[in-house]
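Structural features, examined
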Amino acid sequence: MTSSSSPSQAAQRAFAQNNPEGLRADALMEEDVAWSFEIDGERDGDQFDRSERAALRRVAGLSTELEDVTEVEYRQLRLERVVLVGVWTTGTAQDAENSLAELAALAETAGALVLDGVIQRRDKPDAATYIGSGKADELRDIVLESGADTVICDGELSPGQLIHLEDVVKVKVIDRTALILDIFAQHAKSREGKAQVALAQMQYMLPRLRGWGQSLSRQMGGGKGGGLATRGPGETKIETDRRRIREKMAKMRREIAEMKTGREIKRQERRRNKVPSVAIAGYTNAGKSSLLNRLTGAGVLVENALFATLDPTVRRAETPSGRLYTLADTVGFVRHLPHHLVEAFRSTMEEVGDSDLILHVVDGSHPAPEEQLAAVREVIRDVGATNVPEIVVINKADAADPLTLQRLLRIEKRSIAVSARSGQGIQELLALIDNELPRPSVEIEALVPYTHGKLVARAHTEGEVISEEHTPEGTLLKARVHEELAADLAPYVPAPTA
């Protein structure tokens, strides 16, 4: 055993030659930093935070061993190499393969290298090992042959299933929920987003805590000085950890509630100014941020990766007729979105429930867009936004199958096909938003004196001006306004002529 604590440069070069997959992290970083006209020339917006995202990368898989290794030179430095496992209980074989393909995309987004994937047909997952003892033995052989260090299961495993499956395959086992939480932890940037992810992680981790060796021994309690003078065993280490996690969760909920207050104040200000709001919701990687950039020039990060943006972005926009409204980009959804995340991100998802119109973005080039629509609508029901009007925006129309587009347009009555990348259908979408946004309820004609120009300005910002004419007596205004402004304009309504 060598005494040096860090490998030499020659050892690093030898490791890179023997492990070409280990260069994947460098390649990923160079891919983001490098610029080319073919890739970057067509990007929507200014991509303000792309350089910031590329400046720091998570080093995955520093230690994925089940044993506690203390000598640093024996740790295996490698990117996590994973084998995917799915249980096919309902639907067709194609549905099961699509679900596993999505799990592979999630794993790659988290920085893993997918080596293999297997699907087992069962009536329901095995209560002990998720896939049954026989298949678990076969999975162990696949892990040994491929050299994998992690197994990812396409479902949420119970604590017992995690332990038993790890005992058989002898490598780390995680489930779909833990994988999604890890991606969220990598991509969250705002203070609120980080707090929400931390809360969801602690909720997931609490029933799955485990200890090694003496860390499970009981603490002394009771009498003076410990030893024999005790009144009984105290807490175990794992019980102490659970108590501390509960205390942290309570503190995190209080902090998120305080942040929610600030968000609610902003919403109240928009309501007071009678500014309509539009929320962009949809499946992850469907093109929500690209659509926001195309409609408003927001410059939000756009990347061909799942959950590239988590923090909601609200931008001011204007309809073709001159009406102001706000456009909010929300967190993307996915099938079987962990309920911990739905609860933790509820304050963020309230942007959808409080909006006047939902733009439901779906990837028209996806193999199963109907499943994406169903998954997003399930989450929309969870946050209580079923009564908000919805427009289905079929994005990536330039890359989609024409037959798929025709089928979706026929099934979804309030739908439109667009391409946020090329601009196809964007003008038609803006006109549709203008028609669907709620309009002021009162149509009024008033002769406003020039000394009361604030009322005219309010009509432009809060209402919809139909016509405006400047006369010697004042501004002859015809507009659709809300009841409050209509009451203020009532004294200047000309008397009807006989």
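Residues numbered from 1 in each chain as written. Predicted model: local features only at pLDDT ≥ 70, side-chain atom pairs only at ≥ 80, totals over all residues. Heavy atoms only, no water.

An unreviewed UniProt entry annotates the protein as GTPase HflX of Streptomyces neyagawaensis. Reading the Function (unreviewed entry) entry of the UniProt record for the protein gives the comment "GTPase that associates with the 50S ribosomal subunit and may have a role during protein synthesis or ribosome biogenesis." Turning to the protein, the UniProt annotation filed under Subunit (unreviewed entry) states: "Monomer. Associates with the 50S ribosomal subunit." (UniProt positions renumbered as here; feature names shortened; annotations may be inferred.)

**Comments concerning the overall build of the protein**
Tallying secondary structure elements over the protein gives 18 helices and 13 strands in all. Evaluated residue by residue, the protein yields a buried proportion of 44% over its 498 residues. Considering only residue pairs separated by 6 or more positions, the protein has 68% of its internal contacts joining residues 24 or more positions apart. Carbon and sulfur atoms make up 52% of the accessible area of the protein, which totals about 26200 Å². (Helix = DSSP H or I, 4+ residues; strand = E, 2+ residues; numbered from the N terminus. Buried < 20%, exposed > 50% of the residue type's maximum accessible area, 1.4 Å probe, protein only. Contact = heavy atoms within 4.5 Å. Areas by Shrake-Rupley, 256 points an atom, 1.4 Å probe, with all protein chains shown as cover.)

**A closer look at the sheet that holds strand β8 (residues 357–363)**
Strands sit in the order β6-β7-β5-β8-β9-β10 across an open sheet of six strands; the sheet is mixed. The open sheet has two edge strands, β6 (313–318) and β10 (415–417), and neither has a second partner. Between one strand and the next, the sheet's axes are offset by a mean angle of 25°, whatever the strand orientation. As paired strands, strand β9 (residues 390–395) and β10 are joined by three bridges and run parallel to one another. Counted as the bridge partner of V393 is I416 from β10. This element, helix α11 (residues 288–296), spans β5 (277–282), β6, β7 (324–329), β8 and β9 of the sheet and lies at about 155° to β7. Seen against the sheet, helix α15 (residues 402–411) touches β9 and β10 and runs at an angle of roughly 160° to β10. (Pairing = 2+ DSSP bridges. Axes fitted to C-alpha atoms, helices over the stretch in contact; angles between N-to-C directions.)

**Concerning the nonpolar core**
Membership of the largest hydrophobic core comes to 80 residues, with the highest contact counts inside it found for L139, L291, L359, V393 and L429. By residue number, the principal contributor to this core is helix α8 (residues 176–187), which donates six residues. Those residues in contact with V393 that sit more than four places away from it in its chain are L291, L359, H360, V361, V362, I416, V418 and L429. L455, V456, A479 and L489 belong to the second largest nonpolar core, which has twelve residues in total. (Core = buried A, V, L, I, M, F, W, Y, C linked by side-chain atoms within 4.5 Å.)

**Some points on the side chain of H360**
Considering the arrangement of structural elements, one finds H360 in strand β8. Given a relative accessible area of 0%, H360 falls into the buried group. Within the local environment of H360, its side chain forms a polar contact with the side chain of E390, the two groups lying 2.9 Å apart. In this structure H360 touches A281, G282, L373, V376, R377, E390, I391, V392 and V393, once residues within four positions along its chain are discounted. (Polar contact = N/O pair within 3.5 Å; in protein donor to acceptor, adjacent residues only side chain to side chain.)

**Overview of the pairing of β5**
Where a strand is regular, its side chains alternate between the two sheet faces. Within β5, six of the six residues are buried, which leaves it mostly tucked inside the rest of the structure. The two faces of β5 match: S277, A279 and A281 on one face and V278, I280 and G282 on the other face are all buried. Two strands pair when backbone bridges link them, and β5 and β7 are joined in this way by four bridges, in the parallel orientation. What sits directly across from V278, in β7, is L327. Of the strand pairs in this sheet, β5 and β8 are connected by five bridges, and their pairing is parallel. What sits directly across from A281, in β8, is H360.

**Focus on α15**
Residues of α15 that are buried include every one of T404, L405 and L408, and no others. What you see down the axis of α15 is that its buried residues fit within an arc of 100°, all on one side. Pointing more than 90 degrees away from the buried face of α15 are the exposed residues P402, L403, Q406 and R410. Buried residues along α15 sit in contact with α14 (369–382), β9 and β10. (Arc of directions from axis to C-beta.)

**Quick notes on the pattern of salt bridges**
If you walk through the whole model with that rule in mind, you get 15 salt bridges. Put simply, R208 and E156 hold a salt bridge, and the shortest N to O gap is 3.5 Å. Of this pair, R208 sits in the loop between α9 (191–205) and α10 (237–272) while E156 is found in the loop between β3 (150–153) and α7 (159–169), placing the two residues 52 residues apart along the sequence. Under the relative-accessibility criterion, E156 is labelled partly exposed at 38%. In this structure, R377 and E412 form a salt bridge, with 2.9 Å as the shortest nitrogen-oxygen distance. Here E412 lies in the loop between α15 and β10 and R377 lies in helix α14, a separation of 35 residues in the sequence. (Salt bridge = Lys/Arg side-chain N within 4 Å of Asp/Glu carboxyl O.)

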